[in-house]
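The residues making up each chain are set out below.
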Amino acid sequence: MSLKHGVYAQEKATSLVTPLVADVGIPFVVGAAPVQSAGSPARPNVPVLCTSWDEAVAKLGFSYDWEVYPICEFMYSHFQLFGCQPVIFCNVMDPERMKKEAETAEYAVTDHVVRLPFSTLGDSIAVSLPDGEQDPEAPEGAGGGTALEYDEDYSVLYDENENACIVELLGSGSAYGAEKLLITCAEAAPEEVVLADIVEGLGVVDDCLSQVGVIPDLICAPSWSHNTVAAAVMATKAAGIVGLFRAKALIDCDTGEEGVREYSELTPYKNKNNFVDENQILCWPMVKLGDYRFHMSTQLAGLMAKVDTGNDGCPYESPSNKNFKMDGCCLADGTEVNLSFLQANMVNSYGIVTALNFLTGGWTCWGNYTACYPGNTDVKDYFIPVSRMFDWVANTVIRTFWSKIDKPMIPRLIDTILDTCNIWINGLVGMERLLGGRVELLDAENTTLDLMAGIIYFHIFMTPASPMQECNFILEYDPEYVKAALGR
């Protein structure tokens, strides 16, 4: 035995662990983005975490043509209108695979610039002077003319306001006064994005934790979510990202020519398309702000993130009766939709979220139900905030206790889990994020054979508050006040 002489100290593991509280209000958005215009374009079909407008534009590009590039609609709404972050994007438009072959054409120069289609691939552009304007000692370029040098004779930039790719002749270059240019270029073809690409992109949600370190809890696919296949895949992913973590899929009803144009058509449309999952939140119609049109699911994601952030990252409050960033409802073709209070309530009764301009002095989100209502009347499934609280608690305990997997199943481990959970839930009750809650180890749920096999069940009892959806005042005339007032 070695001699010990002096003062010693040792550390012992804390009997409680700090809960790794799950993130909320974080969207995962799938669609096409104009990466050809991005400064540092992200690779297609990978999760791209963005925490600001500038970062999103740098990685994905930006265009106001939202029908072609629906990711840009979400970028504008989430960062510019709602001021929320982060967002995880998945661009499925691959310009290496989805492009038109390069062509050479002669263009007239106006004010030293040539405007090409916004879909032009900048790295494919080759510029030369046509016959008659060429330098005989310069190298031959496209069409046999004098080749011009990028960053010496010309530059390339994208203008989202003009929806154009601009080739600008530089004053310091050799062709600043040219009247015509020969330009060879290829174009991206975002119209080649098909449903299979969207489905593949939705599968990327499973890579979010490993690649960007964040698990989203809202799944969005503007312009595609009305498709029954896409909506079904979104619901499946929402039920178990990497088979474990829960989310909500934000779905839009189709408002196109073949879609829902009147609120009375919503019930047969919803049933026909099987939009009845407790992990789906169904929206109708679209919303507009000035000349911009948004899928309601896009603005709902921003509103949910804003409400969650205001509640310290806890999803216990419904987004209903909170303001959208809009000035009207519309269909895909711009046709205005005006719902009365009674009609909006009727839409809600179908298990669909809509928008209402009523007593609160502005346009608000209106509706507390997930898509499973009215077929499913389990309160933990049909109320949006209640269902999201169950998702959030489940995601939190998975993340918190994952490190305990494969530890010896001894009483100290069990006590650590019970104590940690109960302290955290008691805190939620104290902050009125839950009406009540506790965690127990029930003998009936833990058989000897399961315990021998290393299987244990902790039972969480919890009651999130339901939204006050209906408030009634009963008015009654009391004649006793007449006697009291008149001294009779």
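Residues numbered from 1 in each chain as written. Predicted model: local features only at pLDDT ≥ 70, side-chain atom pairs only at ≥ 80, totals over all residues. Heavy atoms only, no water.

A. How the structure looks around the pairing of strand β3 (residues 87-91). β3 sits mainly inside the fold: five of its five residues count as buried. Going residue by residue along β3, you find Val87, Phe89 and Asn91 tucked away on one face and Ile88 and Cys90 tucked away on the opposite face as well. Examined bridge by bridge, strand β1 (residues 27-31) and β3 share four bridges and lie parallel to one another. In the strand pairing of β3, Gly31 is matched with Asn91. Where strand β2 (residues 48-50) and β3 come together, three bridges link them in antiparallel fashion. By the bridge assignment, Cys50 is partnered in β3 with Val87. (Buried < 20%, exposed > 50% of the residue type's maximum accessible area, 1.4 Å probe, protein only. Helix = DSSP H or I, 4+ residues; strand = E, 2+ residues; numbered from the N terminus. Pairing = 2+ DSSP bridges.)

B. Spotlight on the nonpolar core. Counting 110 residues, the largest nonpolar core has Met75, Phe89, Ile125 and Leu181 as its most contacted members. The contacts of Leu181, once residues within four sequence positions are left out, are Ala105, Glu106, Tyr107, Val109, Val114, Val127, Ser128, Leu129, Pro130, Leu148 and Leu169. Within the second largest apolar cluster, 18 residues are counted, among which are Met389, Ile417, Cys421 and Leu428. (Core = buried A, V, L, I, M, F, W, Y, C linked by side-chain atoms within 4.5 Å. Contact = heavy atoms within 4.5 Å.)

C. Looking closely at the packing of helix α3 (residues 195-203) against helix α5 (residues 228-239). Where α3 contacts α5, the two axes come as close as 10 Å, and the packing angle between them is 5°. For the element pair α3 / α5, the angle class is roughly parallel. Of the residues in α5, those in contact with Leu195, Val199, Leu202 and Gly203 of α3 are Val229, Ala230, Val233, Met234 and Lys237. (Axes fitted to C-alpha atoms, helices over the stretch in contact; angles between N-to-C directions. Parallel < 35°, antiparallel > 145°, perpendicular 65-115°, else oblique.)

D. Just the sheet that holds strand β13 (residues 280-283), in detail. In spatial order, the strands read β2-β3-β1-β11-β12-β13; together these six strands make up an open sheet with mixed pairing. The open sheet has two edge strands, β2 and β13, and neither has a second partner. The sheet shows a mean angle of 25° between the axes of neighbouring strands, taken without regard to direction. Two strands pair when backbone bridges link them, and strand β12 (residues 248-252) and β13 are joined in this way by four bridges, in the parallel orientation. Counterpart to Asp252 in the pairing with β13 is Cys283. On the sheet, helix α2 (residues 70-81) packs against β1, β2, β3 and β11 (218-220) and is oriented at approximately 170° with respect to β3. On top of the sheet, α3 reaches β1, β3 and β11; it is set at about 155° to β1, its chief contact.

E. Looking closely at the pattern of salt bridges. Inspection of the entire model under this criterion finds 17 salt bridges. Between Arg115 and Glu162 there is a salt bridge, with its nearest N and O atoms 2.6 Å apart. With Arg115 in strand β5 (residues 113-117) and Glu162 in the loop between β8 (154-159) and β9 (164-169), the pair connects residues that are 47 residues apart, well separated along the chain. Across the pair Asp312 and Arg433 runs a salt bridge, and its minimum N-O distance is 3.5 Å. With Asp312 in the loop between α7 (296-310) and β16 (328-330) and Arg433 in the loop between α11 (411-430) and β20 (436-440), this residue pair connects regions lying 121 residues apart in the sequence. Asp312 gets classed as exposed once you look at its relative accessible area, which sits at 65%. Take Arg433: its relative accessible area is 10%, and that puts it in the buried class. Each of Asp217, Asp308 and Arg388 takes part in salt bridges that share partners, so that together they form one network. (Salt bridge = Lys/Arg side-chain N within 4 Å of Asp/Glu carboxyl O.)

F. Up close: α5. Between its first and last C-alpha, α5 extends 17 Å over 12 residues, near the 16 Å set by a 1.5 Å rise per residue. The set of residues buried in α5 consists of Ala230, Ala231, Val233, Met234, Ala235 and Ala238. Looking at the buried side of α5, the elements it contacts are α3, β11, β12 and β13. Where α5 begins, the side chain of Asn227 points an oxygen toward the backbone nitrogen of Val229, at a separation of 2.9 Å. (Expected span 1.5 Å × (residues − 1). Polar contact = N/O pair within 3.5 Å; in protein donor to acceptor, adjacent residues only side chain to side chain.)

G. Inspection of the environment of Gly240 at higher detail. Along the polypeptide, Gly240 turns up in the loop between α5 and β12. Taking the relative accessible area as the measure of exposure, Gly240 reaches 18% and is therefore buried. The spatial distance from the C-alpha of Gly240 to the C-alpha of Tyr369 is 20 Å, given a sequence separation of 129 residues.

H. Representation of α2. In this model, α2 (12 residues) spans 16 Å end to end at C-alpha, consistent with the 16 Å of a helix rising 1.5 Å per residue. Burial within α2 is extensive, with 11 of its 12 residues counted as buried. Of all the residues in α2, the buried ones are Pro70, Ile71, Cys72, Glu73, Phe74, Met75, Tyr76, Ser77, His78, Phe79 and Leu81. Directly beyond the C-terminal end of α2, a positive phi value near 60° is found at Gly83.

I. Summary view of the packing of aromatic side chains. Enumeration according to the criterion identifies 25 aromatic pairs in this entry. Ring plane angle 5° and centroid distance 5.7 Å describe the contact between Tyr64 and Tyr292, whose orientation is recorded as stacked. Here Tyr64, found in the loop between α1 (53-60) and α2, pairs with Tyr292, found in strand β15 (residues 292-294); they are 228 residues apart in sequence, far enough to count as distant. Of the residues examined, Tyr64 reaches a relative accessible area of 31% and is grouped as partly exposed. On the basis of relative accessibility, which here comes to 28%, the residue Tyr292 falls in the partly exposed class. (Phe/Tyr/Trp six-rings, centres within 6.5 Å; stacked < 30°, edge-to-face > 60°.)

J. Broad picture of unusual backbone geometry. In the segment running from Gln85 into Pro86, the intervening peptide bond is cis, with an omega of 5°. With respect to the helices and strands, the residue Pro86 is situated in the loop between α2 and β3. Cis rather than trans, the peptide bond between Trp284 and Pro285 has omega equal to -5°. Positionally, Pro285 belongs in the loop between β13 and β14 (286-289). The phi angle at Asn163 is positive, at roughly 55°, despite the residue not being glycine. The topology assignment puts Asn163 in the loop between β8 and β9.

K. Highlighting the sheet that holds strand β17 (residues 336-337). Reading across the sheet, the four strands line up as β15-β14-β16-β17 and stay open at both edges, with antiparallel pairing between neighbours. Edge strands, defined here as strands with exactly one partner in the open sheet, are β15 and β17. For β16 and β17, the ladder comprises two bridges, and the chain directions are antiparallel. Considered in β17, the bridge of Cys330 is made with Glu336. Contacts from α2 reach β14 and β15, with the element oriented near 100° to β15.

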